[in-house]
Amino acid sequence: SAQVAHAISQVRDLDQLLSQVTRLIGEAFGFLHVGIFIVDEANRYAVLHATNSEGGQRMLARNHKLAVGHQGMVGYVTQTGLPRIALDAGADAIHFSNPDLPNTRSEVALPLRVGKEIIGALDIQSTESKAFSQADVELFSILADQIGQAIKNARLFEEVYRSSQKLELTVQERTKQLTSALENV
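Thresholds, definitions, all that
- Residues numbered from 1 in each chain as written.
- Predicted model: local features only at pLDDT ≥ 70, side-chain atom pairs only at ≥ 80, totals over all residues.
- Heavy atoms only, no water.
- Helix = DSSP H or I, 4+ residues; strand = E, 2+ residues; numbered from the N terminus.
- Buried < 20%, exposed > 50% of the residue type's maximum accessible area, 1.4 Å probe, protein only.
- Contact = heavy atoms within 4.5 Å.
- Phe/Tyr/Trp six-rings, centres within 6.5 Å; stacked < 30°, edge-to-face > 60°.
- Salt bridge = Lys/Arg side-chain N within 4 Å of Asp/Glu carboxyl O.
- Pairing = 2+ DSSP bridges.

(A) Looking closely at the environment of Thr51. Looking at the secondary structure, you find Thr51 in strand 2 (residues 45–51). According to the relative accessible area criterion, Thr51 is buried, its value standing at 6%. In sequence terms Thr51 and Ile36 are 15 residues apart; their C-alpha atoms lie 6.5 Å from each other. Those residues within four positions of Thr51 in sequence are excluded, and the remaining contacts are Thr22, His33, Val34, Gly35, Gly56, Gln57 and Leu60.

This is the structure in C-alpha coordinates:
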(Lines give C-alpha, C1' and ligand atoms only; values in the text may rest on other atoms or scores of the structure.)
Protein backbone atom coordinates (compact mmCIF):
# COMPACT_ATOMS: atom_id res chain seq x y z
CA SER A 1 0.00 0.00 0.00
CA ALA A 2 2.96 2.32 0.59
CA GLN A 3 4.14 1.79 -3.00
CA VAL A 4 0.67 2.64 -4.30
CA ALA A 5 0.49 5.75 -2.13
CA HIS A 6 3.91 6.82 -3.39
CA ALA A 7 2.86 6.36 -7.03
CA ILE A 8 -0.33 8.30 -6.38
CA SER A 9 1.64 11.24 -5.04
CA GLN A 10 4.19 11.29 -7.88
CA VAL A 11 2.36 10.71 -11.17
CA ARG A 12 0.49 13.60 -12.82
CA ASP A 13 -0.73 11.97 -16.05
CA LEU A 14 -4.15 10.38 -15.37
CA ASP A 15 -3.80 7.39 -17.71
CA GLN A 16 -0.30 6.62 -16.46
CA LEU A 17 -1.44 7.03 -12.86
CA LEU A 18 -4.39 4.63 -13.19
CA SER A 19 -2.36 2.04 -15.08
CA GLN A 20 0.44 2.15 -12.52
CA VAL A 21 -1.97 1.92 -9.58
CA THR A 22 -3.78 -1.17 -10.94
CA ARG A 23 -0.45 -2.86 -11.71
CA LEU A 24 1.01 -2.09 -8.27
CA ILE A 25 -2.07 -3.29 -6.37
CA GLY A 26 -2.20 -6.48 -8.43
CA GLU A 27 1.51 -7.20 -7.91
CA ALA A 28 1.67 -6.23 -4.24
CA PHE A 29 -1.33 -8.32 -3.20
CA GLY A 30 -1.32 -11.04 -5.89
CA PHE A 31 -4.81 -10.40 -7.26
CA LEU A 32 -6.18 -11.80 -10.51
CA HIS A 33 -7.69 -8.49 -11.59
CA VAL A 34 -7.63 -4.88 -10.45
CA GLY A 35 -9.72 -2.40 -12.38
CA ILE A 36 -10.45 1.29 -12.03
CA PHE A 37 -13.77 2.52 -13.33
CA ILE A 38 -14.62 6.20 -13.71
CA VAL A 39 -18.21 7.40 -13.92
CA ASP A 40 -19.01 9.24 -17.16
CA GLU A 41 -20.17 12.87 -17.21
CA ALA A 42 -23.83 11.87 -17.51
CA ASN A 43 -23.48 9.65 -14.41
CA ARG A 44 -24.96 6.74 -16.38
CA TYR A 45 -21.98 4.42 -16.80
CA ALA A 46 -18.88 3.40 -14.90
CA VAL A 47 -16.26 3.09 -17.63
CA LEU A 48 -13.18 0.89 -17.22
CA HIS A 49 -10.09 3.11 -17.53
CA ALA A 50 -7.25 0.89 -16.27
CA THR A 51 -6.57 -2.72 -15.37
CA ASN A 52 -3.72 -5.08 -14.64
CA SER A 53 -5.16 -8.31 -16.11
CA GLU A 54 -5.25 -9.82 -19.59
CA GLY A 55 -9.03 -10.19 -19.36
CA GLY A 56 -9.23 -6.57 -18.30
CA GLN A 57 -7.14 -5.54 -21.31
CA ARG A 58 -9.71 -7.19 -23.59
CA MET A 59 -12.42 -5.27 -21.73
CA LEU A 60 -10.50 -2.00 -22.18
CA ALA A 61 -10.13 -2.68 -25.91
CA ARG A 62 -13.90 -2.82 -26.29
CA ASN A 63 -14.58 0.17 -23.98
CA HIS A 64 -16.15 -1.91 -21.21
CA LYS A 65 -18.67 -0.04 -19.08
CA LEU A 66 -21.29 -0.95 -16.50
CA ALA A 67 -24.54 0.89 -15.86
CA VAL A 68 -24.45 2.82 -12.59
CA GLY A 69 -26.88 1.16 -10.18
CA HIS A 70 -27.76 -1.65 -12.57
CA GLN A 71 -24.79 -3.87 -13.41
CA GLY A 72 -22.70 -5.84 -10.98
CA MET A 73 -20.81 -4.75 -7.95
CA VAL A 74 -19.28 -1.76 -9.71
CA GLY A 75 -22.76 -0.55 -10.65
CA TYR A 76 -23.90 -1.04 -7.07
CA VAL A 77 -20.89 0.77 -5.57
CA THR A 78 -21.05 3.72 -7.97
CA GLN A 79 -24.70 4.27 -7.12
CA THR A 80 -24.68 3.70 -3.36
CA GLY A 81 -21.15 4.77 -2.44
CA LEU A 82 -20.88 1.69 -0.23
CA PRO A 83 -18.17 -0.97 -0.56
CA ARG A 84 -19.32 -4.46 -1.51
CA ILE A 85 -17.69 -7.86 -1.04
CA ALA A 86 -18.63 -11.09 -2.83
CA LEU A 87 -16.85 -13.87 -0.93
CA ASP A 88 -18.32 -16.48 -3.28
CA ALA A 89 -18.75 -14.78 -6.64
CA GLY A 90 -20.86 -17.59 -8.06
CA ALA A 91 -23.42 -17.31 -5.26
CA ASP A 92 -23.57 -13.52 -4.98
CA ALA A 93 -26.65 -12.09 -6.70
CA ILE A 94 -25.00 -8.72 -7.38
CA HIS A 95 -21.72 -10.10 -8.78
CA PHE A 96 -21.47 -9.68 -12.56
CA SER A 97 -20.16 -12.90 -14.10
CA ASN A 98 -17.62 -11.74 -16.65
CA PRO A 99 -16.46 -14.11 -19.41
CA ASP A 100 -13.15 -12.19 -19.59
CA LEU A 101 -12.47 -13.07 -15.94
CA PRO A 102 -13.81 -16.63 -15.59
CA ASN A 103 -11.48 -17.55 -12.69
CA THR A 104 -12.91 -14.95 -10.30
CA ARG A 105 -13.98 -16.57 -7.04
CA SER A 106 -14.29 -13.47 -4.87
CA GLU A 107 -14.48 -9.75 -5.48
CA VAL A 108 -14.46 -6.47 -3.63
CA ALA A 109 -15.56 -3.14 -5.12
CA LEU A 110 -15.01 0.21 -3.42
CA PRO A 111 -16.16 3.70 -4.31
CA LEU A 112 -13.69 6.30 -5.56
CA ARG A 113 -14.65 9.66 -4.08
CA VAL A 114 -13.79 13.28 -4.36
CA GLY A 115 -15.35 14.76 -1.25
CA LYS A 116 -18.87 13.36 -1.20
CA GLU A 117 -19.04 12.83 -4.97
CA ILE A 118 -18.63 9.26 -6.22
CA ILE A 119 -16.43 9.43 -9.31
CA GLY A 120 -15.80 5.74 -9.88
CA ALA A 121 -14.91 2.39 -8.37
CA LEU A 122 -11.90 0.29 -7.54
CA ASP A 123 -12.68 -3.32 -8.44
CA ILE A 124 -10.45 -6.14 -7.14
CA GLN A 125 -10.94 -9.80 -7.99
CA SER A 126 -9.25 -12.93 -6.66
CA THR A 127 -9.04 -16.57 -7.76
CA GLU A 128 -9.58 -17.58 -4.14
CA SER A 129 -13.02 -17.73 -2.54
CA LYS A 130 -13.39 -15.73 0.67
CA ALA A 131 -10.22 -13.78 -0.21
CA PHE A 132 -11.38 -10.51 1.37
CA SER A 133 -12.06 -9.54 4.96
CA GLN A 134 -13.44 -6.44 6.63
CA ALA A 135 -9.84 -5.39 7.33
CA ASP A 136 -9.16 -5.59 3.56
CA VAL A 137 -12.18 -3.38 2.92
CA GLU A 138 -10.80 -0.82 5.36
CA LEU A 139 -7.33 -0.90 3.79
CA PHE A 140 -8.59 -0.73 0.22
CA SER A 141 -11.07 2.01 1.17
CA ILE A 142 -8.14 4.16 2.23
CA LEU A 143 -6.40 3.42 -1.08
CA ALA A 144 -9.62 4.13 -2.97
CA ASP A 145 -9.92 7.52 -1.26
CA GLN A 146 -6.31 8.30 -2.21
CA ILE A 147 -6.96 7.22 -5.80
CA GLY A 148 -10.07 9.43 -5.97
CA GLN A 149 -8.05 12.41 -4.77
CA ALA A 150 -5.23 11.58 -7.19
CA ILE A 151 -7.73 11.49 -10.08
CA LYS A 152 -8.98 14.92 -9.04
CA ASN A 153 -5.41 16.26 -8.80
CA ALA A 154 -4.43 14.80 -12.19
CA ARG A 155 -7.51 16.35 -13.77
CA LEU A 156 -6.71 19.72 -12.20
CA PHE A 157 -3.11 19.47 -13.35
CA GLU A 158 -4.28 18.72 -16.92
CA GLU A 159 -6.70 21.65 -16.78
CA VAL A 160 -4.02 24.04 -15.54
CA TYR A 161 -1.61 22.78 -18.19
CA ARG A 162 -4.17 23.27 -20.98
CA SER A 163 -4.99 26.74 -19.67
CA SER A 164 -1.32 27.69 -19.55
CA GLN A 165 -0.86 26.44 -23.13
CA LYS A 166 -3.82 28.54 -24.28
CA LEU A 167 -2.48 31.56 -22.42
CA GLU A 168 0.95 31.11 -23.97
CA LEU A 169 -0.57 30.94 -27.47
CA THR A 170 -2.65 34.04 -26.75
CA VAL A 171 0.43 35.93 -25.54
CA GLN A 172 2.39 34.87 -28.63
CA GLU A 173 -0.43 35.93 -30.95
CA ARG A 174 -0.91 39.24 -29.17
CA THR A 175 2.86 39.87 -29.25
CA LYS A 176 2.88 39.27 -33.01
CA GLN A 177 -0.03 41.66 -33.44
CA LEU A 178 1.63 44.37 -31.35
CA THR A 179 4.97 43.89 -33.12
CA SER A 180 3.26 44.19 -36.48
CA ALA A 181 1.37 47.30 -35.36
CA LEU A 182 4.60 48.93 -34.12
CA GLU A 183 6.37 48.15 -37.39
CA ASN A 184 3.61 49.94 -39.29
CA VAL A 185 3.90 53.11 -37.21
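(B) Structural view of the packing of aromatic side chains. Inspection of every chain in the model, using the stated rule, returns four aromatic pairs. Here Phe29 and Phe31 contribute two aromatic rings whose centre-to-centre distance is 5.9 Å and whose plane-to-plane angle is 20°, an arrangement assigned as stacked. For Phe29, a relative accessible area of 31% corresponds to the partly exposed category. A ring pair is formed by Phe29 and Phe140, whose centres lie 5.1 Å apart and whose planes are at 75°; its orientation type is edge-to-face. Separated by 111 residues along the polypeptide, Phe29 in helix 2 (residues 14–29) and Phe140 in helix 5 (residues 134–183) bring together distant segments of the chain. Phe140 gets classed as buried once you look at its relative accessible area, which sits at 1%. These aromatic residues form a ring-pair network of at least three members: Phe29, Phe31, Phe132 and Phe140.

(C) Spatial organisation of the pattern of salt bridges. Applying the stated criterion to the full structure yields three salt bridges. Arg62 is the partner of Asp100 in a salt bridge, and the nearest nitrogen-oxygen pair spans 2.3 Å. Placement of the pair is Asp100 in the loop between strand 4 (84–86) and strand 5 (106–114) and Arg62 in the loop between helix 3 (54–61) and strand 3 (65–67), with a sequence separation of 38 residues. Exposure remark for Asp100: the relative accessible area of 11% places this residue in the buried category. Three or more residues are tied together by salt bridges with common partners; here these are Arg58, Arg62 and Asp100.

(D) The pairing of strand 5, seen in detail. Of all nine residues in strand 5, eight are buried, a share of seventy percent or more. Bridge count for strand 5 against strand 6 (residues 117–126) is nine bridges, and the pairing is antiparallel. Residue pairing for strand 6: Leu110 is matched across the bridge by Leu122. Turn length for the strand 5-strand 6 hairpin, with the two strands adjacent in sequence and antiparallel, is two residues, and the turn residue Gly115 shows positive phi of about 65°.

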